[in-house]
Amino acid sequence: MVFLANIRVYELANQLGIKSKELIEELKKQGVIVKTHSSSLDEETALLIKTILTSPKKKEPTPQPVEEKVPPAKVKIVPEEKVEEKAIESKVAKPDEIKEKEKIKIGEAITIKELSEKINIPAKEIIKKLMGIGVMTTVNQVIDSKSAMSVAKDFGIEVEVISFEAEEISTEEEEKEGLIPRPPVVTIMGHVDHGKTSLLDAIRQTNVAAKESGGITQHIGAYEVDVDKGKIVFLDTPGHEAFTAMRARGAKVTDIVILVVAADDGVMPQTIEAINHAEAAGVSIIVAINKIDKPNANPDKVRQELVKLNPHLLPEEWGGKTIYVNVSAKKKIGIEELLEMIILQAEIMELKANPLKPAKGIVVESKLDRGRGPVVTVLVQKGTLKAGDPFVAGPYFGKVRALINDRGIKVKEAAPSTPVEVLGLSGVPQAGDSFQVVPDEKSARQIALLRSQKQREEGLGIKTRVTLEDLYKQINEGVVKELNIVIKADVHGSIQALVDSFQKLETKDIKIKIIHGAAGGITETDVILAAASNAIIIGFNVKPTDKAAEAAEKEQVELKLYSIIYNAIADVKAAMEGMLEPTLVEKVTGKAEVRQLFTVPKMGVIAGCFVLDGVIQRNADAKLIRDSVIVYQGKIGSLRRFKEDVKEVQAGYECGIGIEKFQDVKIGDIIEPFFLDKIPKKL
Ligand code: GDP
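## Some points on the pattern of salt bridges
Now for step 1: In total, this model carries 25 salt bridges according to the counting rule given.
Now for step 2: Put simply, Lys591 and Asp546 hold a salt bridge, and the shortest N to O gap is 3.1 Å. Of this pair, Lys591 sits in strand S29 (residues 590–600) while Asp546 sits in helix H19 (residues 546–555), placing them 45 residues apart in sequence.
Now for step 3: By relative accessible area, which is 18% here, Lys591 ends up buried.
Now for step 4: Here the salt bridges do not stand alone but share partners, grouping Lys367, Asp369, Arg372 and Glu421 into one network.

## Considerations on helix H16 (residues 468–476)
Now for step 1: Residues of H16 that are buried: Leu468, Leu471, Gln474 and Ile475. On an axial view of H16, the arc spanned by its buried residues comes to 95°, and they lie on one face. Residues of H16 that are exposed and angled more than 90 degrees away from the buried face: Lys473 and Asn476.
Now for step 2: Contacts from the buried residues of H16 go to strand S24 (482–489), strand S26 (535–540), strand S27 (559–562) and helix H20 (565–577).
Now for step 3: Of the residues one or two after H16, Gly478 is the one with positive phi, at around 75°.

## What to know about the site of the ligand
Now for step 1: The environment of the ligand is formed by 15 residues, the closest being Asp193, Lys196, Thr197, Ser198 and Asp293.
Now for step 2: Backbone polar atom of Gly195 to an oxygen atom of the ligand: 3.0 Å apart, as the coordinates give it.
Now for step 3: Burial of the ligand by the protein chains amounts to 74% of its free accessible area of 570 Å².
Now for step 4: Taken together, the residues of the shell around the ligand sort by class into two nonpolar, seven polar and six charged.

## Remarks on the sheet that holds S27
Now for step 1: Taken together, four strands build an open sheet; the order of strands is S25-S24-S26-S27 and the sheet is parallel. Both edges of this open sheet fall to strand S25 (511–519) and S27, since each of them pairs with a single strand only. Averaged over all pairs of adjacent strands, the angle between their axes in this sheet comes to 20°, without regard to strand direction.
Now for step 2: Both S26 and S27 contribute to a ladder of four bridges, which runs parallel. Directly across from Gly539, in S27, lies its bridge partner Leu561.

Conventions adopted
The residue numbers shown here count from 1 along each chain, following its written sequence. Where local features are concerned, this predicted model is filtered to residues with pLDDT of at least 70; where side-chain atom pairs are given and counted, the filter is 80 or more; whole-chain, interface and lining totals use all residues. For side-chain calculations, the full set of non-hydrogen atoms in the structure is used, while hydrogens and water are omitted. Each salt bridge in this description consists of a side-chain nitrogen of Lys or Arg and a carboxyl oxygen of Asp or Glu lying within 4 Å of one another. Only DSSP runs of H or I reaching four residues or more are called helices, and only runs of E reaching two or more are called strands; each is numbered from the N terminus. With a 1.4 Å probe rolled over the protein chains alone, any residue whose accessible area is under 20% of its type maximum counts as buried; one over 50% counts as exposed, and the rest are partly exposed. The directions considered for the arc are those from the helix axis to the C-beta atoms. When checking whether two residues touch, look at their non-hydrogen atoms; a contact exists if any pair is within 4.5 Å. Throughout, the term near means that a residue has one or more heavy atoms lying within 4 Å of the molecule or strand in question. Polar contacts, as used here, are pairs of N or O atoms within 3.5 Å; protein pairs need one atom able to donate a hydrogen and one able to accept it. Residues neighboring in sequence count only if both atoms are side-chain atoms. Residue exposure ignores everything except the shown protein chains as possible cover, and the areas themselves are Shrake-Rupley values with a 1.4 Å probe. Asp, Glu, Lys and Arg are counted as charged, while Ala, Val, Leu, Ile, Met, Phe, Trp, Tyr, Cys and Pro are counted as nonpolar; the rest, among them Gly, fall into the polar class. Any two strands with at least two DSSP bridges between them are considered paired. To obtain each axis, a line is fitted to C-alpha atoms, and for helices this fit is confined to the stretch in contact; angles are then taken between N-to-C directions over 0 to 180 degrees.

Written out as structure tokens, the structure reads:
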């Protein structure tokens, strides 16, 4: 083995004033293949490459991202007319009798009054026509472009729709030009008490201390950190719940996830959840092993645990691709290095946005402030947001009255990847809602109005989800190419058995992806993850919590519960082949909570219960549930009220329940009687 002073790729790139990526390219040209920016180079190679790159023939190194960035003050905004021009025309049918000159332009939404003025038809007539197609309106009500188009057509007038959403798509396509690097947006995740909040605070404090000027730090939902090579934006709400909830609303905010794992505690259930949530979202992970100041810290053991759990997490220093940094949030060790690694990762990801566009972003926090009215924190994703811009935020609209940064300072504009507080909204949108600058206030108002009308009509506007019943159809239509599954089971062994069997069912038409598998009951977070990833949930010997069941209903996520592995596999297989037989669905008839325990001679343990819901019937099949896990299934052998045998007990009453052949009841357990109902296959 040769012992030479080694140097990492990024260190050498630093010395040479070029990006790691460029150096890796240059090395490749020289026949030196390196895996990542932190791979080691021996002294000889380093010297060679240095000589090549610094020789006079070589072109100037490309400037660093920071220098390339357009300073906010110079940012030019495309004038409104241009935005209008870019709107794409929708393909309206052109019957012969409709004359070209009658073409009239309307926006995504329009009030009856405006439509009446535009097409020169009395509002009354329009309302009548709409009534004919079952749409009840008034003069000032907004209708969508489709209804407007169809009504106009009935009067022989063709209208052209300047669609807001269509314009969006067109800008996405042409957006390859004018892209410049933007700062990464980071979310911190990890198990409870592993130090997420402490790490966020440590990063913020280090940074604030380094800045000589500026206001007092404000908690606005996200904050910016300045490092030598650029900026990093941290989202203030740590954890995967908020992250996935936003994703379920269609918002993708985070570029990089920092997975915090305590060096003294290692991989815990929420560590696994965090990894699965990040992977389901396709977000890069950097691992921060925290609490290395503790005497029992064992960072390498944590690395091993993580690799064993997920081979993607093989550390760079072991030949893998994942960056690991040892830190102590408490003692402020490794913080600078962590920040440096985030910048490096961002560099590799080539995060870019065009600042010369009307702004578009995501609401990351919102509140109703007593003095200032509705206030939202927007993370600008592309374009530049300026004071005075008209905008739509979810079902609300407004004109930017003021922009305030994370240090409480009023700013004139916000470039891509900048979190800012925005004042001037008509209402309080939700975190995860989209925020978009539109050409003028009038269209902002109309789009917002239309959206709130739609929301009222459709509830939350849920997309079609994958279900086992529709799977075959969806595969054939090419809508579904991958069946995403979340598995929750009573024990780890069952999960592995299910994963293995499901994987064997894969065909060339459909892949099966287990996005999360864990022991325990089905939680609301599981449902949100499934909603965000269009997955179904398979529960084996477990139940959803009440909240999870509610969320599943609301989000229309399919929850399939089994107590025999074979049935779960047979169902998925049948669904894939379009042969799903009528399924037996369990209908729960009641719910009783165990509040006391008695031992009765000859009968054994009797559970003193309170009936919370429905009705409990003697001889019914029932499940005994403890912490959302089904611990036993059997018959209700005895049912008593005040020592009297009874046939049934209604909600709101106490009773004694004896479960046949089962003695191990505990206080707090839930007894749920059920019967099996046949649900025929939908065609
Ligand atoms: P979270 O639940 O993940 O946000 O964890 P917290 O940031 O609230 O930290 C949980 C506990 O761990 C607190 O008592 C912290 O003081 C402690 N803690 C966090 N980071 C460190 C660290 O680097 N070293 C030590 N010794 N303790 C830490």
